[in-house]
Amino acid sequence: MNLKYEAKLDKGFQPMVLVYNDFIARAKKANGEKLVIGIERNNGFISTFEMTVFPDGTGHDEENLGLVERIIKTLLWVKGGYKVIIAGSKLIYEGIAKAYSPEGSRSFDCMMMKKIYEKDLVVEWKPIEEAPKTQESATPIGRHLDGCRIGFDAGGSDRKVSAVINGESVYSEEVVWFPKLNADPKYQYDGIMAAMKSAAQHMPRVDAIGVSSAGCYVNNRIMTASLFIKVSDEDFEKYVKNMYIDIAKEFGEDVPLEVANDGDVTALAGAMDLEDNAVLGIAMGTSEAGGYVDGAGNITGWLNELAFAPVDYSKDAMVDEWSGDYGCGVKYFSQDAVIKLAPAAGIELDESLSPAEKLKVVQGLMKENDPRAAAIYDTIGVYFGYAIAYYSLFYDIKHVLIMGRVTSGEGGVIILDRANQVLKNEFPELSQKCELHIPDEKSRRVGQSVAAASLPEIKK
């Protein structure tokens, strides 16, 4: 595998897209067989992915399973679902069924899908002639600018809120908090309530509330979210699941509420600003959040939880503490990525500092034009260029918008410049149709809370 752009501080980096392309080329040359993967989610919607694999029993069984497992992992966190359908190889089916079980190597993903969809994750086999067909759905959401609105963005290191009147932000604030360190959900509840009350004080009334928050949401209910990682399952069910619904009622029983994944709100903010669609939004903050607005300008209902989607095929890649898996986006496009790369850059960070404070140290060095800090952002840019090419296997992308604390300042410019170079020279066809964007500094920091305010529709 030849990388035209080496990740300076991560010599072992194996981009998923290059591994996939090499595998497919070799499998086709060996007269490989078709494999169709179907992922079924709520309301019977099905997303499918077709690829070529080596025939069973030809010395490539382990390689087949290794790559297909990574593709299924990606599909589950991009599209979401409680059923995996394998049409084709029975050997691959058997390996996937074992991995994606409560006792298997991907038990985290299995249990998280159960938590999100409230159904056991199952893996089924079908002959190739009975392969599943795609059945998708998308919903218009956001872009509502009328009335007096609260837009809240719940980040893992800071929370942002905006008071928006007829599309204009009249007040914004940003407050540092530590939700991922607190097991008592009252901490998160009080923080969210304080932010919304602060915004409400700057408007004559509250007509609607929009929330941008990391995690998975169904009908405004919190199904899973890293902000509550320390909260017990019992307290999550009792106090967390309906937290945004309960808080919204404090501003009026009939005040419309819309809660969306923060990545989707990033994409929506980009689509609104660009006045175009087919936008993949990436928020690089405490974690990596992804979101997508399709070619028709709609949000798809997919999970878009790219933090858990693999971007590095190397089994020696850093393991995510939460999922227990290697090579996933959270360690490549978040403050964790900056912290991970600091030692290789020769930067020693005080272990007593919080992750957000460690990021600020590196950002401070970047302001001083420290080449060690620049090398960190350059490496993330290489990661990102290859990751965009990988994401394009699952999304139709016309624009990529990046936001979040990691992209603040000159570091964000370096990330985008290097990613553009990777795309232009490694994937010229994709580069010609896909533009990368970074908003201005103010939009990068508070743009999501303003876009969040546009989520709910006010009933006339």
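Just above, that's the structure.
These remarks concern the structure in this document.

Rules behind the numbers
Residues numbered from 1 in each chain as written. Predicted model: local features only at pLDDT ≥ 70, side-chain atom pairs only at ≥ 80, totals over all residues. Heavy atoms only, no water. Helix = DSSP H or I, 4+ residues; strand = E, 2+ residues; numbered from the N terminus. Rg over C-alpha atoms; globule rule 2.2 N^0.38 Å. Buried < 20%, exposed > 50% of the residue type's maximum accessible area, 1.4 Å probe, protein only. Areas by Shrake-Rupley, 256 points an atom, 1.4 Å probe, with all protein chains shown as cover. Lys, Arg positive; Asp, Glu negative; His and termini not counted. Charge placed at Lys NZ, Arg CZ, Asp CG, Glu CD. Pairing = 2+ DSSP bridges. Patch = residues over 30% accessible without salt bridge, like charges linked within 9 Å, V, L, I, M, F, W, Y side chains within 5 Å. Salt bridge = Lys/Arg side-chain N within 4 Å of Asp/Glu carboxyl O. Phe/Tyr/Trp six-rings, centres within 6.5 Å; stacked < 30°, edge-to-face > 60°. Lys NZ or Arg CZ within 6 Å of the ring centre and 35° of its normal. Axes fitted to C-alpha atoms, helices over the stretch in contact; angles between N-to-C directions. Contact = heavy atoms within 4.5 Å.

Within the chain, the regular secondary structure consists of 14 helices and 15 strands. In terms of C-alpha radius of gyration, the chain reaches 22 Å, essentially the compact-globule figure of 23 Å for 460 residues. Principal-axis analysis of the C-alpha atoms gives the chain an extent of 70 × 50 × 40 Å. Counting the 460 residues in the chain, one finds 60% classified as buried. On the chain, roughly 18,800 Å² of surface is accessible, and the fraction owed to carbon and sulfur atoms is 48%. Positive and negative side-chain charges of the chain, numbering 50 and 68 respectively, have mean locations separated by a distance of 1 Å.

Now for the pairing of strand E1 (residues 33-40). Burial analysis of E1 places six of its eight residues in the buried class, the great majority of the element. Pairing geometry for E1 and strand E3 (residues 83-87), over five bridges, is antiparallel. Among the inter-strand pairings, Ile 37 is bridged to a residue of E3, identified as Ile 86.

The next subject is a negative patch on the surface. On the surface, Asp 246, Glu 250, Glu 253 and Asp 254 cluster together to form a negatively charged patch. What makes Asp 254 exposed here is its relative accessible area of 76%.

So, about the packing of aromatic side chains. Tallied over the full model, the rule gives 24 aromatic pairs. Plain terms: the ring middles of Tyr 390 and Phe 394 are 5.2 Å apart, the flat faces sit at 75° to each other, and that makes the pair edge-to-face. The residues Tyr 390 and Phe 394 share a single accessibility class, namely buried. Taken together, Phe 13, Tyr 332, Phe 333, Tyr 383, Phe 384, Tyr 386 and Phe 427 form an aromatic cluster joined through their ring pairs. Positioned over the ring face of Trp 125 is Lys 90, at 4.5 Å from the centre of the ring. In this structure, Lys 340 is placed above the aromatic ring of Tyr 332, and the distance from its NZ or CZ to the ring centre is 3.8 Å.

This brings us to the sheet that holds E1. Ordered by their spatial adjacency, four strands build an open sheet running E2-E1-E3-E4, and the pairing between neighbours is mixed. Taken across any chain shown, the strands that pair with only one partner, and hence form the sheet edges, are strand E2 (46-53) and strand E4 (122-126). Each adjacent strand pair in this sheet contributes to an overall mean axis angle of 20°, direction not counted. Lying on the sheet, helix H3 (residues 90-99) is in contact with E1, E2, E3 and E4; it crosses E4 at an angle near 175°.

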